[in-house]
Amino acid sequence: MRKIAVFGVSGRMGQMLVREVDAHPGATLSAAVERAGHEWIGQDLGQTMGGGARDLLVSDDIDAALAASDAIIDFTAPAATVALAARAANAGVGHVIGTTGFEEADLAAIAEIGTRGYIVRAGNMSLGVNLLVTLARQVARALGDEYDIEIVEAHHRHKVDAPSGTALMLGEAVAEGRGVSLSDMADRGRDGITGARRDGAIGFHAIRGGDFIGEHDVIFAGPGERVTLRHVASDRALFARGALRAAMWLEGRGPGEYSMLDVLGLSGR
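Burial along strand 5 (residues 94-97) is two-sided: Gly94 and Val96 facing one way and His95 and Ile97 facing the other are all buried. Direction of pairing for strand 4 (residues 71-74) relative to strand 5: parallel, over a ladder of 4 bridges. For aspartate 74, the partnering residue across the bridge sits in strand 5 and is isoleucine 97. Where strand 5 meets strand 6 (residues 118-121), 3 bridges bridge the pair, whose relative direction is parallel. Bridge pairing links valine 96 to valine 120 in strand 6. Following the chain from strand 5 across helix 5 (residues 104-113) to the adjacent parallel strand 6, one finds a crossover that is right-handed.

What follows is the structure in structure tokens.
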């Protein structure tokens, strides 16, 4: 039985992760963790989630959670995730990172920790999105520079980062397909008299409103035609299922920073 701890347990993803772990025949919930000072600390997890008591208290004790677990799943905030990655690596515990909104320095820190830790990090944990990433890379490679690329994403009104982690995954994929650097070619939104579109630019546009779970389009606009790759999420639980799959997959792996493409056998390594 693989022991899984959920960090950020009070959030929508955290609570879905608890339900997915409970439903998995090969996993058990080893700890439920929230930030210090959160109102759930010290409360019975089952009761705070609106059910019956389950003899597991929500805690802010990271060391105790790591000691009790084989792997942790983390949908929190960038600074907290980077600090947690180092502690999980030192404890030899697998770390599944679903947090988004990282700065370049954060990603560099996680990559360094991945040389000694056991990490799966992905901007999106769904099977369909990771297939979309693979397809976007292939289409970008096949169509070439005469096709303009625009990435459009929509999320609920409460999402705090833009572009989404998934949009950035897609941007990295099409940049790789073209053999360019995303940081050099990204164009994040337009306003005013912007002039003509820059050749080779990879455009990003973020929609925020209502209760969108997640929609992503990669548009290849060429002379006389357009090709659009699209993914629509209709059930947030698919992300929790993907994250749990990653936590189970880490068992027996060597140190490294892996992606969902590795988990799904799509990375080619």
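A few words now on the sheet that holds strand 10 (residues 214-222). Across the sheet, 5 strands lie side by side as 8-9-7-10-11; this open sheet has mixed pairing. On the outer flanks of this sheet lie strand 8 (186-188) and strand 11 (225-233), each paired with one strand and no other. Each strand axis lies, on average, 15 degrees off the axis of its neighbour in the sheet, ignoring direction. Where strand 7 (residues 148-155) lies against strand 9 (residues 202-208), 7 bridges are found, and the strand directions are parallel. Across the sheet, the residue bridging to valine 152 is histidine 205, located in strand 9. Where helix 7 (residues 165-178) meets the sheet, its contacts fall on strand 7, strand 8, strand 9 and strand 10, and the angle it forms with strand 7 comes to roughly 165 degrees.

Moving on, we come to the packing of helix 6 (residues 127-143) against helix 7. At a minimum axis separation of 7 Å, helix 6 and helix 7 run at an interaxial angle of 30 degrees. Accordingly, the angle class assigned to the pair helix 6 and helix 7 is roughly parallel. The handedness of the crossing between helix 6 and helix 7 comes out as right-handed. Here helix 6 contributes Val129, Asn130, Leu132, Val133, Ala136, Arg137, Ala140 and Arg141 to the contact with helix 7, which in turn contributes Thr166, Met169, Leu170, Ala173, Val174, Glu176, Gly177 and Arg178. Residue composition of the contact of helix 6 with helix 7, grouped by class: 9 nonpolar, 3 polar and 4 charged.

Direction vectors running N to C along helix 1 (residues 12-23) and helix 9 (residues 237-249) enclose 60 degrees, while the axes themselves pass 9 Å from each other. Taken as axis vectors, helix 1 and helix 9 run oblique relative to one another. Considering the relative orientation of helix 1 and helix 9, their crossing is right-handed. In contact with Met13, Met16, Leu17, Glu20 and Val21 of helix 1, helix 9 contributes Ala237, Phe239, Ala240, Arg241, Ala243 and Leu244. Its residues assigned to classes, the contact of helix 1 with helix 9 comprises 9 nonpolar, no polar and 2 charged.

Conventions adopted
- Residues numbered from 1 in each chain as written.
- Predicted model: local features only at pLDDT ≥ 70, side-chain atom pairs only at ≥ 80, totals over all residues.
- Heavy atoms only, no water.
- Buried < 20%, exposed > 50% of the residue type's maximum accessible area, 1.4 Å probe, protein only.
- Helix = DSSP H or I, 4+ residues; strand = E, 2+ residues; numbered from the N terminus.
- Pairing = 2+ DSSP bridges.
- Right-handed = clockwise from strand over helix to strand, strands pointing away.
- Axes fitted to C-alpha atoms, helices over the stretch in contact; angles between N-to-C directions.
- Contact = heavy atoms within 4.5 Å.
- Parallel < 35°, antiparallel > 145°, perpendicular 65-115°, else oblique.
- Left-handed = near helix turned anticlockwise from the far one by under 90°.
- Nonpolar A, V, L, I, M, F, W, Y, C, P; charged D, E, K, R; others polar.

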